[in-house]
Amino acid sequence: MLKPWSTIRTLAVFTLVTCGASVAANEAELAGLAVYTDTGRDIYVAGLHTAGAQVPAIGATVAAPASMEYRLSTRRISSRGFSGTLLLQAELGAGHRAPESVINALADLKQAMAGSFLFGDQLLVSKTSGGTTDFYLNGIELLTLGNTVVFDFLVQGWIGAGSSALMRDSLTAGRLDTELLQRFEGLEPSTERVALVAAWQAPAIEEPEGQQVAAATEPEQEREKASDNPAVAAAAVATPVVAGAAAGRAQEPAAAP
């Protein structure tokens, strides 16, 4: 039996965006893994991809192509809360406040989101050889910036001199922990979630102008017909009066026995 069109479309979207995400991720190789924990709970598993899987030096600028991959391991976190987490991490790691371009980029990222980040979501922030910083969620492009300043600052939240030693040491260890790698690979979105994120980026369907004009003129046409027919016009005028009288009676208090 043929599958419903909605199911077929969902699978098609999942295939396309997964291929797109694979192309973006395959420009760099996985060099390090770590877990980010806050208030006693794991928020995400971090995957640092670099050219040739080279381990960057602490506080160094990572050469392109490179990617920071956040795989959500918490049930839910708002886009505002997650953006705040990224900003705070980066500022602590770099040891200074974020440039205005980074703050603006994270604000744009929040605007591109139509909901919260959920368990299994994969946020990929890529530094390309073309000099851009690209944001993908579950393979769907959310944002492209014409510079690498944002990536260079965010990555300091992972490997900067002021970053968490647990994360930094794990990401720059030069080896991938087998159990953590399995956990990282096991965090992935459902096909329905991928389709939903894709729908966020779909252009809004506007009603054809002709239909809008027709809808707007229908009441006017009805009024014109009523004015041409005395009986209809009289009924239209009388109806509000009757309705008002009935409403007035409904509001009167019941007579005392």
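Residues numbered from 1 in each chain as written. Predicted model: local features only at pLDDT ≥ 70, side-chain atom pairs only at ≥ 80, totals over all residues. Heavy atoms only, no water.

Participant: Looking at this structure, how should I read the sheet that holds strand 1 (residues 29-38)?
Facilitator: Remark on secondary structure: sheet strands pair via backbone hydrogen bonds, oriented parallel or antiparallel. Taken in spatial order, the six strands line up as 1-2-3-6-7-8 in an open sheet, and their pairing is antiparallel. Both edges of this open sheet fall to strand 1 and strand 8 (140-145), since each of them pairs with a single strand only. The average angle at which neighbouring strand axes cross in this sheet is 15 degrees, direction not considered. Against the sheet, helix 3 (residues 100-112) engages strand 7 (133-137) and strand 8, with an angle of about 155 degrees to strand 8. Packed onto the sheet, helix 7 (residues 178-186) meets strand 1, strand 2 (41-50) and strand 3 (66-72) and runs at close to 85 degrees relative to strand 1. (Pairing = 2+ DSSP bridges. Helix = DSSP H or I, 4+ residues; strand = E, 2+ residues; numbered from the N terminus. Axes fitted to C-alpha atoms, helices over the stretch in contact; angles between N-to-C directions. Contact = heavy atoms within 4.5 Å.)

Participant: Looking at this model, I keep getting lost on the packing of aromatic side chains. Mind explaining?
Facilitator: Each aromatic ring pair is summarised here by two numbers: the centre-to-centre distance and the angle between the ring planes. If you walk through the whole model with that rule in mind, you get seven aromatic pairs. Ring geometry for Tyr-44 versus Phe-82: centroids 6.0 Å apart, planes at 85 degrees, classification edge-to-face. With Tyr-44 in strand 2 and Phe-82 in helix 2 (residues 79-94), the pair connects residues that are 38 residues apart, well separated along the chain. For the ring pair Phe-82 and Phe-117, a centre distance of 4.8 Å and an interplane angle of 50 degrees mean the geometry is tilted. Taken together, the residues Phe-82 in helix 2 and Phe-117 in strand 5 (residues 117-118) connect sequence positions 35 residues apart. Assigned by exposure class, Phe-82 and Phe-117 land together as buried. The rings of Tyr-36, Tyr-44, Tyr-70, Phe-82, Phe-117 and Trp-158 are connected pair by pair, giving a single aromatic cluster. The aromatic ring of Phe-184 is capped on one face by Arg-71, whose charged end is 4.0 Å from the ring centroid. (Phe/Tyr/Trp six-rings, centres within 6.5 Å; stacked < 30°, edge-to-face > 60°. Buried < 20%, exposed > 50% of the residue type's maximum accessible area, 1.4 Å probe, protein only. Lys NZ or Arg CZ within 6 Å of the ring centre and 35° of its normal.)

Participant: How do you make sense of the nonpolar core when you look at a structure like this?
Facilitator: As a rule of thumb, nonpolar side chains are buried together in soluble globular proteins. Core analysis: the largest hydrophobic core is formed by 42 residues, its most contacted members being Tyr-44, Met-68, Tyr-70, Phe-82, Leu-154 and Trp-158. Sort the elements by how many residues they give to this core and helix 3 lands first, with five residues. By size, the runner-up hydrophobic cluster in this structure holds five residues, among which are Leu-33, Leu-180, Phe-184 and Leu-187. (Core = buried A, V, L, I, M, F, W, Y, C linked by side-chain atoms within 4.5 Å.)

Participant: Looking at this structure, I do not really get the packing of helix 2 against helix 3. What am I missing?
Facilitator: Packed helices, taken two at a time, are described by the angle between their axes plus the distance between the axes. Close contact between helix 2 and helix 3 brings their axes to 9 Å; oriented N to C, the two are set at 155 degrees. As judged from the angle between their axes, helix 2 and helix 3 are roughly antiparallel. As helix 2 packs across helix 3, the resulting crossing turns out to be right-handed. Across the interface between the two elements, Ser-79, Arg-80, Ser-83, Leu-86 and Leu-87 from helix 2 touch Val-102, Ile-103, Leu-106, Leu-109 and Lys-110 from helix 3. Tallied by class, residues from the contact of helix 2 with helix 3 come to six nonpolar, two polar and two charged. (Parallel < 35°, antiparallel > 145°, perpendicular 65-115°, else oblique. Left-handed = near helix turned anticlockwise from the far one by under 90°. Nonpolar A, V, L, I, M, F, W, Y, C, P; charged D, E, K, R; others polar.)

Participant: Just to check I follow, could you spell out helix 2 for this structure?
Facilitator: It helps to recall that an α-helix has 3.6 residues per turn; residues three or four apart then point in one direction. Taking 1.5 Å per residue as the helical rise, helix 2 with its 16 residues ought to reach 22 Å, and the 22 Å between its terminal C-alpha atoms agrees with that figure. When helix 2 is considered as a whole, its buried residues turn out to be Ser-79, Phe-82, Ser-83, Thr-85, Leu-86, Gln-89, Ala-90, Glu-91 and Gly-93. Downstream of helix 2 by a residue or two, Gly-95 has a phi angle that is positive, lying close to 85 degrees. (Expected span 1.5 Å × (residues − 1).)

Participant: What is the right way to read the side chain of Lys-127 from this model?
Facilitator: Position of Lys-127 among the secondary structure elements: in strand 6 (residues 122-127). Assessed through its relative accessible area of 8%, Lys-127 is described here as buried. For Lys-127, the side chain forms a polar contact with the side chain of Asp-152, separated by 2.9 Å. In contact with Lys-127, not counting residues within four places along its chain, are Thr-61, Val-62, Ala-63, Ala-64, Pro-65, Ala-66, Thr-132, Thr-148, Phe-151 and Asp-152. (Polar contact = N/O pair within 3.5 Å; in protein donor to acceptor, adjacent residues only side chain to side chain.)

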